[in-house]
Amino acid sequence: MRAMRVGLFVTCLVDLVRPRIGFAALELLQAAGCEVVVPATQTCCGQPGWNSGDRASARALARKLVAEFEHCDYVVVPSGSCAGMIRVHYGEVLGTANPLAARTYELTDFLATVLRVGTVPGKFRGRITYHDSCSGLRELGVKRQPRELLAKMPGVELAEMKDCETCCGFGGTFSVKFGEISAAMAATKCDRIRAAGADAVVLGDLGCMLNIEGRLRRTLDTGTRVLHVAEVLAWKG
């Protein structure tokens, strides 16, 4: 019986800004017994162009991604935003049936719901709080899954922050178009994180990570770590 063939869509932000998230996702999938395929030609899912009205480039990128991953049993993404784009919006983008809709999962959803992993390899120790990123939560229903996986780690203490489901203010191009509003939302989110008394805030989207970490550091908070859930679940110690 062959291993499950899983295509890992790394995402352009992870690839360019924090590639260790991609390596952590790879390790988690391999530890769960998957044969992981990482197409070397992958780039962007097309979401920025689609949200900005550039339909032609978004459609071209969507067709490219489908061709790269169509032979995989599943497509797994360490980002609720990009996973939501592929799973929820590609039908509209392509103007046809979405061939990847039923096979695309956000990373923690795949580990918890499809694979139903009993253990995770990470050795992280500390008190964390979890920020629910908008797309993963609202488009894909990712809420319990990361918490179930983190609960399998004896060294992790989860302290829920107030308004954990409220947007951090990133929202892709929203943070560029409405900078003052975005900054105010990020400031409120960082206040909630600090009030939780956590060593680190953990989340599932790099856009949110960059927004929150940037705000924390600009307010001279150098102690609160900002970590992707994949990093924590695969933590080496």
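**Q** Hey, could you run me through the overall build of the chain in this one?
**A** Tallying secondary structure elements over the chain gives 12 helices and eight strands in all. A compact globule built from 237 residues should have a C-alpha radius of gyration of about 18 Å, and the chain, at 17 Å, falls within 12% of that. Counting only contacts in the chain whose residues sit at least 6 apart along the sequence, the fraction spanning at least 24 positions is 77%. Counting every atom, the chain has about 10700 Å² of accessible surface; 55% of that belongs to carbon and sulfur. Averaging the locations of the 29 positively and 24 negatively charged side chains of the chain gives two centres separated by 1 Å.

**Q** Looking at this structure, how should I read the sheet that holds strand β2 (residues 35–37)?
**A** Each strand in a sheet pairs with its neighbour through backbone hydrogen bonds, running either in the same direction (parallel) or in the opposite one (antiparallel). Spatial ordering of the open sheet is given by β2-β1-β3-β4, a layout of four strands whose pairing is parallel. Both edges of this open sheet fall to β2 and β4 (104–106), since each of them pairs with a single strand only. Sheet twist, expressed as the mean angle between neighbouring strand axes with direction ignored, is 35°. Pairing analysis gives three bridges linking strand β1 (residues 5–8) to strand β3 (residues 74–77), with the strands arranged parallel. Residue pairing in the sheet places Gly7 in a bridge with Val75 of β3. Taken strand by strand, helix α5 (residues 80–94) contacts β3 and β4, and its axis lies near 160° from that of β4. Each of β1, β3 and β4 is contacted by helix α6 (residues 107–114), which is oriented at about 100° to β4, the strand it contacts most.

**Q** In this structure, what is going on with empty space enclosed by the protein? I would like to understand it.
**A** In this approach the atoms are scanned with a rolling probe the size of a water molecule, which exposes any empty space left behind. Applying the stated rule across the entire model yields one cavity of 30 Å³ or more. Considering the residues around the largest cavity, the lining is formed by Gly80, Glu106, Tyr130, His131, Asp132, Ser133, Gly136, Leu137, Val142, Pro146, Gly204 and Asp205. A class-by-class count of the residues in the lining of the largest cavity yields four nonpolar, five polar and three charged.

**Q** In this structure, what is going on with the sheet that holds strand β7 (residues 200–203)? I would like to understand it.
**A** Spatially, four strands are ordered β6-β5-β7-β8 in an open sheet, and the strand pairing comes out parallel. Two strands in the sheet have a free side with no partner beyond their single neighbour: β6 (156–158) and β8 (225–228). Taking the axes of each pair of neighbouring strands and ignoring which way they run, one obtains an average angle of 35° across the sheet.

**Q** How should I be thinking about unusual backbone geometry in this particular structure?
**A** Excluding glycine, a negative phi dihedral is what most residues carry, and trans is how most peptide bonds are arranged. Backbone geometry places Arg116, a non-glycine residue, at a positive phi of 50°. With respect to the helices and strands, Arg116 occurs in the loop between α6 and β5 (126–130). Positioned with a positive phi, Leu220 is a non-glycine residue whose angle comes to about 65°. By the element assignment, Leu220 lies in the loop between α11 (206–218) and β8.

**Q** What is the right way to look at the pairing of β8 in this model?
**A** Where a strand is regular, its side chains alternate between the two sheet faces. Where β7 lies against β8, four bridges are found, and the strand directions are parallel. When the sheet's bridge partners are listed, Ala200 is paired in β8 with Arg225. Following the backbone out of β7, through α11 and into the adjacent parallel β8, one traces a crossover that is right-handed.

**Q** How do you make sense of the layout of surface pockets when you look at a structure like this?
**A** In this structure, the largest pocket spans a volume of roughly 640 Å³. What lines the largest pocket is a set of 30 residues, and nearest its centre among them are Gln47, Ser81, Phe170, Gly171 and Gly172. Among the elements of the structure, α1 (12–17), α3 (47–51), α5, α7 (134–140) and α11 are those that each provide at least two residues to the lining of the largest pocket. For the lining of the largest pocket, the per-class residue count stands at 15 nonpolar, 13 polar and two charged.

**Q** Sorry if this is basic, but what is going on with the pattern of salt bridges here?
**A** Where charged atoms from two side chains of opposite charge approach closely, those side chains can pair. Using the criterion set out here, one finds 16 salt bridges in the structure. Its salt-bridge partner being Glu35, residue Arg5 comes within 3.0 Å of it at the nearest N-O pair. Placement of the pair is Arg5 in strand β1 and Glu35 in strand β2, with a sequence separation of 30 residues. The salt bridge involving Asp132 is made with Arg147; its shortest N-O contact spans 2.9 Å. Separated by 15 residues along the polypeptide, Asp132 in the loop between β5 and α7 and Arg147 in helix α8 (residues 144–150) bring together distant segments of the chain. With respect to class, Asp132 is no different from Arg147; both count as buried.

Criteria and thresholds
- Residues numbered from 1 in each chain as written.
- Predicted model: local features only at pLDDT ≥ 70, side-chain atom pairs only at ≥ 80, totals over all residues.
- Heavy atoms only, no water.
- Helix = DSSP H or I, 4+ residues; strand = E, 2+ residues; numbered from the N terminus.
- Rg over C-alpha atoms; globule rule 2.2 N^0.38 Å.
- Contact = heavy atoms within 4.5 Å.
- Areas by Shrake-Rupley, 256 points an atom, 1.4 Å probe, with all protein chains shown as cover.
- Lys, Arg positive; Asp, Glu negative; His and termini not counted.
- Charge placed at Lys NZ, Arg CZ, Asp CG, Glu CD.
- Pairing = 2+ DSSP bridges.
- Axes fitted to C-alpha atoms, helices over the stretch in contact; angles between N-to-C directions.
- 1 Å grid on protein atoms, 1.4 Å probe; cavity = no way out; pocket = protein on both sides within 12 Å on 5 of 7 lines; lining within 4 Å.
- Points joined across faces, edges and corners; volume = space filled by probe spheres on them.
- Nonpolar A, V, L, I, M, F, W, Y, C, P; charged D, E, K, R; others polar.
- Right-handed = clockwise from strand over helix to strand, strands pointing away.
- Salt bridge = Lys/Arg side-chain N within 4 Å of Asp/Glu carboxyl O.
- Buried < 20%, exposed > 50% of the residue type's maximum accessible area, 1.4 Å probe, protein only.

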